[in-house]
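Structural overview for review
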Amino acid sequence: MTAGDTLRYALTSLHGARARTLLMLLAMAIGVAAVVVLTSLGEAARRYVVDQFAALGTHMLIVIPGRSETGGVGPATFAGETPRDLTLDDAFSLTRSATVRRIAPLNIGAAPVSWQGREREVTILGTTAAFLELRRFTMKQGKFLATGDPTQASAVCVLGVKVRNELFGAASALGEWVRIGDRRFRVIGVLGTEGASMGMSMEDTVIIPVAAAQSLFNTSSLFRIFVEANGREAIPRAQTWIRDTLRLRHQGEEDVTVITQDAVLATFDRILRALTLAVAGIAAISLAVAGILIMNVMLVAVTQRTSEIGLLKALGAPGRDIRVVFLAEAALLSLLGALLGLAVGMAGTWLLGELFPNLDFSAPWWAVSAAVGVALATGVLFGWLPARRAARLDPVQALSRR
Amino acid sequence: MIELRNIHRVFHVGDQQVHALNDVTLSIQPGEYLSIMGPSGSGKSTLLHLIGLLDRPTSGRYLLDERDVTDLDDAETARVRRETIGFVFQFFHLVSRLSAADNVALPLVLAGIAPTERAQRVAAVMQAVGLADRAHHRPDQLSGGQRQRVAMARATIMAPAVILADEPTGNLDSASGKEVIALLEQLNTRGMTLIIVTHDADIGRRARRRLKMMDGRIVEDDSA
Ligand SMILES: Nc1ncnc2c1ncn2[C@@H]1O[C@H](COP(=O)(O)OP(=O)(O)OP(=O)(O)O)[C@@H](O)[C@H]1O
Ligand SMILES: [Mg+2]
């Protein structure tokens, strides 16, 4: 039996059992479509996060108090435990290198902010004028913190746009005095809307001078120091330099972690890729289910077509030919199902793209080829048992049953 | 050319043994016309299946064209069946989703013969069984007699040396039955060995050599 005839024969039997064929195509298609849509969702999320990070500004290093074992992004990075304080003086000592363009210390805390009886609990960031440039934020209104002596705790603040709207509504905020904790600050500016930092929206924060934040939260330590290196090539040298400088200042103890933006980016990239893989794996289970369905239906088909199999043997088909015919049926089913699933999946990702235009949905090629590959493999794998059973039928018995 | 030596065929049903063929020795020359008769369960079909290589003897030897075919492997048996044996069954055994012509072409497909040659040969045998105008009908659009003629066209398309017919008229009215027998005898006059298993004494009598079976043994072997 030639390959072409085998395929044609398999097609006639698929065509002969249309309802069964459609059902199996559907099962396979759902599995493949699920993989395509879910992986493109995962990939879109990953790309979104990575892009967000890239938007932070390029040549950035972040100094975190506490030593992380790996030097990468460990638990301490985000837990922010502080074995030794990182001071404002530490921060400004870092500017004395050609590799460093600018630095911005950061203090963080939460406090109620109120104006004329309206009160909101928001995140308070204490920093310096350099922060605006360093993080590529823009102002919607007014000015950012003034350049000047950073140890001066002047009573001014910059509002995130959401805070502004919730406290002031239609009223003008500039020049007004708001109460933060137990102090009063004058509003000198409102941040633009596009700002987001490390997944934290800047719309919901209030920025005050770092010295003011230190006294507000009654602490002399910093939460982070942001350092912008003088160009991409300067990053490694800046990293060493920061480490060395701070070790000297901390009596020879290496008790800070310096991470580069690249490292953070790589970590998030890894985490989200793993997530996408996991989701793809879960979707692939439906492929296995489709495979089992194919096996079950093929087994039924073998029983239903016993006398046909007997006939083929009587006409001179070796067991091998019969096995190949049934395998071809299973393979055709899964291939056609996979193609159908691809079409549905593509349509699905297109639809997602229409619904969420600012995310980039496209199924990664590895997921698409894996889905089709797994579909084919399951089809053939689960088609194997029925095909073997068909090939081993005793022709006399098979013919006697009508 | 067909030579059976001390053939036994024993079926095991539970802990019971059924001796379907009991020491059958038989020799059939090319071009012979044989009928096999006998009561139900006497082993006629079993004998035919063995000759057609659909079944294997429990013991004994089977020589076909002087070649021992008792222990051939699956691929070789299939080949011998394909090239030297044509089956005609009581229940026609047509593939219902295929047209008459496609059913007839099946042995050629299995033999890997190219479609153009297939079409010619199918047309020729369909003509020979008088169904040229029914080639594209499906089996359920044909009468019983027509179906059996399609089955005969299929059995002969590989020009086998032996035609084995197990109660070919068992499901037909007497007129269609006569047509079918006439066609089979026509094949025999062209030189094919013809073996018919039948319950119909009139049909059985027509053969030049008549076997009678009883309890798995050949009890009569008349050549007239
Ligand atoms: N697969 C089988 N398993 C067990 N016993 C079988 C099997 N096939 C046939 N037999 C037994 O072998 C014996 C001969 O059967 P066979 O079919 O050859 O009879 P037959 O002469 O063709 O009968 P009929 O005229 O009814 O077709 C019977 O007793 C039958 O029950
Ligand atoms: Mg019988």
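Residues numbered from 1 in each chain as written. Chains lettered and ligands numbered in written order. Predicted model: local features only at pLDDT ≥ 70, side-chain atom pairs only at ≥ 80, totals over all residues. Heavy atoms only, no water.

1. A word on empty space enclosed by the protein
All names here are of chain B. Worth spelling out the cut-off: Method remark: on a 1 Å grid restricted to protein atoms, a set of points is classed as a cavity if a 1.4 Å probe fits but cannot get out and as a pocket if it is open with protein on both sides within 12 Å along at least five of seven lines; lining residues have an atom within 4 Å of a point. Grid points are joined across faces, edges and corners, and a volume is the space filled by probe spheres set on the points. Under the scheme used here, helices are H or I runs from DSSP no shorter than 4 residues and strands are E runs no shorter than 2 residues, and both carry numbers assigned from the N terminus. Residue type decides the class: Asp, Glu, Lys and Arg count as charged, Ala, Val, Leu, Ile, Met, Phe, Trp, Tyr, Cys and Pro as nonpolar, and the leftover types, Gly among them, as polar.
Counted by the stated rule, this structure contains one cavity of 30 Å³ or more. Here the lining of the largest cavity takes three residues from strand β6 (residues 85-88), the largest share from any one element. The residue inventory of the lining of the largest cavity, partitioned by class, reads seven nonpolar, one polar and three charged.

2. What to know about the pairing of strand β12 (residues 256-260) of chain A
Residues and elements named next belong to chain A. The condition that has to hold: A 1.4 Å probe rolled over the protein chains alone gives each residue an accessible area, and that area as a share of the maximum for its type sets the label: buried under 20%, exposed over 50%, partly exposed in between. Only strands that DSSP links by at least two bridges are regarded as paired with each other.
Taking burial as the measure, the five residues of β12 include five buried ones, the bulk of the element. Pairing between strand β1 (residues 60-65) and β12: five bridges, direction antiparallel. Each residue of the ladder has a partner; that of P65, found in β12, is V256.

3. Overview of the packing of aromatic side chains
Short version of the rule: Aromatic rings from Phe, Tyr and Trp, taking only the six-membered ring of Trp, are treated as a pair when their centres fall within 6.5 Å; an angle between ring planes under 30 degrees marks them as stacked, one over 60 as edge-to-face, and anything in between as tilted. Comment: the charge-over-ring label is applied if NZ (Lys) or CZ (Arg) is within 6 Å of the ring centre and within 35 degrees of the ring normal.
This structure, assessed with the given rule, holds five aromatic pairs over all chains. When the ring of B:F87 is compared with that of B:F89, the centres are 5.6 Å apart and the planes differ by 5°; the resulting orientation is stacked. Overall, B:F87 belongs to the buried group, its relative accessible area being 5%. Each member of the aromatic cluster is reached from another via a ring pair, and the members are A:F131, A:F137 and A:F226. Positioned above the aromatic ring of A:F223, the side-chain terminus of A:R224 is 4.0 Å from the ring centre.

4. Things to note about the domain arrangement of chain A
Put simply, the rule reads: Residue ranges assigned to the domains are those given by an automatic or database domain assignment.
For chain A, the assigned domains read domain 1 (3-52 + 266-399) and domain 2 (100-230). Each of domain 1 of chain A and domain 2 of chain A has a C-alpha centre, and the two are 56 Å apart.

5. Notes on the pattern of salt bridges
Two side chains of opposite charge can pair, provided their charged atoms sit close to one another. Residues and elements named next belong to chain A. Condition: What makes a salt bridge here is a side-chain nitrogen of Lys or Arg within 4 Å of a carboxyl oxygen of Asp or Glu, nothing more.
Inspection of the entire model under this criterion finds 34 salt bridges over all chains. Between E308 and R305 there is a salt bridge; the shortest N-O distance is 3.3 Å. No difference in accessibility class separates E308 from R305, as the two residues are buried. One connected set of salt bridges, linked through shared partners, spans E43, R46, D269 and R273.

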